[in-house]
Amino acid sequence: SVVQIKAIRENAIPPLAIGTGFFIDGNGLILTSSQVVNDSNPNDIQVIWDTQKYNARRVGSDPRTNLALLKIDAKGTPPLKFGDSSSVRVGAMVIGIGYLLNSTISPEVGNVSSIDLGQTVKFFATSHICSTVRVMEGQAGSPLLNTKGEVVGMIVAAETNGSHSYAIPAAA
């Protein structure tokens, strides 16, 4: 399942960060963007799943790759299925699913426009899938899905005009 994440960040403007994440196992582990939860107190991260609110703790975070791992105390959390990100090709249709502007869950459809295999290490720590999936506020940490509904990446960055997004491949 895809979840909404809210975190109160110290010394940040705005102090409330809103983003998206998704379950990666049945025991409450959630993958999200570190920019959503960095600079927040351990008790100030909340996950909304299936209309329920859960306090989350940060298990790990890597600002360089923009990945964070959260944990909620819940069993039976439905993980998204991972696909083979190495089979993603330029032109393939992909879907990003996230919580646009603190609203309801919203799918965004686009195409893979390029696959960076790590040549731009000046900007990114690993390879990225660039797509035309539009990403707005609240959608950082959204899963990038193939047409089978499998996770092939996680959206970690976007162009400032929202026209392109960058996802870390699931195999990275």
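Since we're looking at a predicted model, the values are computed, not measured. (Residues numbered from 1 in each chain as written. Predicted model: local features only at pLDDT ≥ 70, side-chain atom pairs only at ≥ 80, totals over all residues. Heavy atoms only, no water.)

Chemist: What should I look at first to understand the pairing of strand 4 (residues 40-49) in this one?
Modeler: As a general feature of sheets, a regular strand has side chains that alternate between the two faces. Bridge count between strand 1 (residues 2-9) and strand 4: five bridges; the pairing is antiparallel. Following the sheet pairing, lysine 6 is matched in strand 4 by glutamine 46. Across four bridges, strand 4 lies against strand 5 (residues 52-62) in antiparallel orientation. Looking across to strand 5, one finds that glutamine 46 is bridged to asparagine 55. What sits between the antiparallel neighbours strand 4 and strand 5 is a turn of two residues, in which aspartate 50 has the positive phi angle 55 degrees. (Pairing = 2+ DSSP bridges. Helix = DSSP H or I, 4+ residues; strand = E, 2+ residues; numbered from the N terminus.)

Chemist: I keep staring at the pattern of salt bridges and nothing clicks. Help me out?
Modeler: Working definition: two side chains of opposite charge can pair if their charged atoms are close together. One pass over the structure, following the stated rule, counts two salt bridges. Between aspartate 73 and arginine 57 there is a salt bridge; the shortest N-O distance is 3.5 Å. Pair noted here: aspartate 73 is in the loop between strand 6 (67-72) and strand 7 (93-99) and arginine 57 is in strand 5, with a separation of 16 residues, a long-range link. One salt bridge connects lysine 81 with glutamate 150, and the closest N-O pair in it is separated by 3.7 Å. Here the residue lysine 81 occupies a position in the loop between strand 6 and strand 7, and glutamate 150 occupies one in the loop between strand 10 (143-145) and strand 11 (151-158), the gap between them amounting to 69 residues. (Salt bridge = Lys/Arg side-chain N within 4 Å of Asp/Glu carboxyl O.)

Chemist: Before we go on, may I ask you to explain the packing of aromatic side chains in this structure?
Modeler: How two aromatic rings sit relative to each other is given by the distance of their centres and the angle of their planes. Across all of its chains, the model carries three aromatic pairs by this definition. Both rings, one in phenylalanine 22 and one in phenylalanine 82, keep their centres 6.3 Å apart while their planes meet at 50 degrees; by these two values the pair is tilted. One end of the pair, phenylalanine 22, is in strand 2 (residues 16-23); the other, phenylalanine 82, is in the loop between strand 6 and strand 7, and 60 residues separate them in sequence. For phenylalanine 82, a relative accessible area of 37% translates into the label partly exposed. Taking the centre distance of 5.9 Å and the plane angle of 35 degrees together, the rings of tryptophan 49 and tyrosine 54 count as tilted. (Phe/Tyr/Trp six-rings, centres within 6.5 Å; stacked < 30°, edge-to-face > 60°. Buried < 20%, exposed > 50% of the residue type's maximum accessible area, 1.4 Å probe, protein only.)

Chemist: I tried to follow the layout of surface pockets on my own but got confused; where do I start?
Modeler: It is the rolling of a water-molecule-sized probe over the atoms that shows where space remains empty. Of the volumes computed, that of the largest pocket is approximately 350 Å³. Lining the largest pocket are 19 residues; nearest its centre among them are Ile18, Gln35, Glu137, Gly138 and Ala140. Secondary-structure elements contributing two or more residues to the lining of the largest pocket are strand 2, helix 1 (34-37) and strand 11. If one sorts the elements of the lining of the largest pocket by residue count, strand 11 sits on top with four residues. Each residue belonging to the lining of the largest pocket can be placed in one class, and the counts come to 12 nonpolar, four polar and three charged. The calculated volume of the second largest pocket comes to roughly 160 Å³. (1 Å grid on protein atoms, 1.4 Å probe; cavity = no way out; pocket = protein on both sides within 12 Å on 5 of 7 lines; lining within 4 Å. Points joined across faces, edges and corners; volume = space filled by probe spheres on them. Nonpolar A, V, L, I, M, F, W, Y, C, P; charged D, E, K, R; others polar.)

Chemist: How should the sheet that holds strand 5 be read in this particular structure?
Modeler: The pairing of strands in a sheet happens through backbone hydrogen bonds and is either parallel or antiparallel. If you trace the six strands once around the closed barrel, you get 1-2-3-6-5-4, paired in antiparallel fashion. With direction set aside, neighbouring strand axes in the sheet form an average angle of 40 degrees. In the sheet, strand 5 pairs with strand 6 via six bridges, with the strands oriented antiparallel. Pairing of serine 61 across the sheet is with alanine 68, part of strand 6. (Axes fitted to C-alpha atoms, helices over the stretch in contact; angles between N-to-C directions.)

Chemist: Whenever I open this one, the side chain of threonine 32 confuses me. Can you help?
Modeler: In this structure, threonine 32 sits in strand 3 (residues 29-33). Within the structure, threonine 32 has its side chain in polar contact with the backbone oxygen of threonine 20 (distance 2.6 Å). Ignoring any residue separated from it by four or fewer positions in sequence, one finds threonine 32 in contact with Ile5, Thr20, Gly21, Asn66, Leu67, Ala68, Leu70, Ala140, Gly141 and Met154. (Polar contact = N/O pair within 3.5 Å; in protein donor to acceptor, adjacent residues only side chain to side chain. Contact = heavy atoms within 4.5 Å.)

Chemist: What should I look at first to understand the environment of valine 3 in this one?
Modeler: Mapped onto the fold, valine 3 is located in strand 1. Along the sequence, valine 3 and serine 142 sit 139 residues apart, while their C-alpha atoms lie 8.9 Å from each other. Non-local contacts of valine 3, meaning those with residues more than four positions away in its chain, are made with Gly19, Thr20, Gly21, Phe22, Phe23, Ile30, Val47, Ile48, Trp49 and Tyr99.

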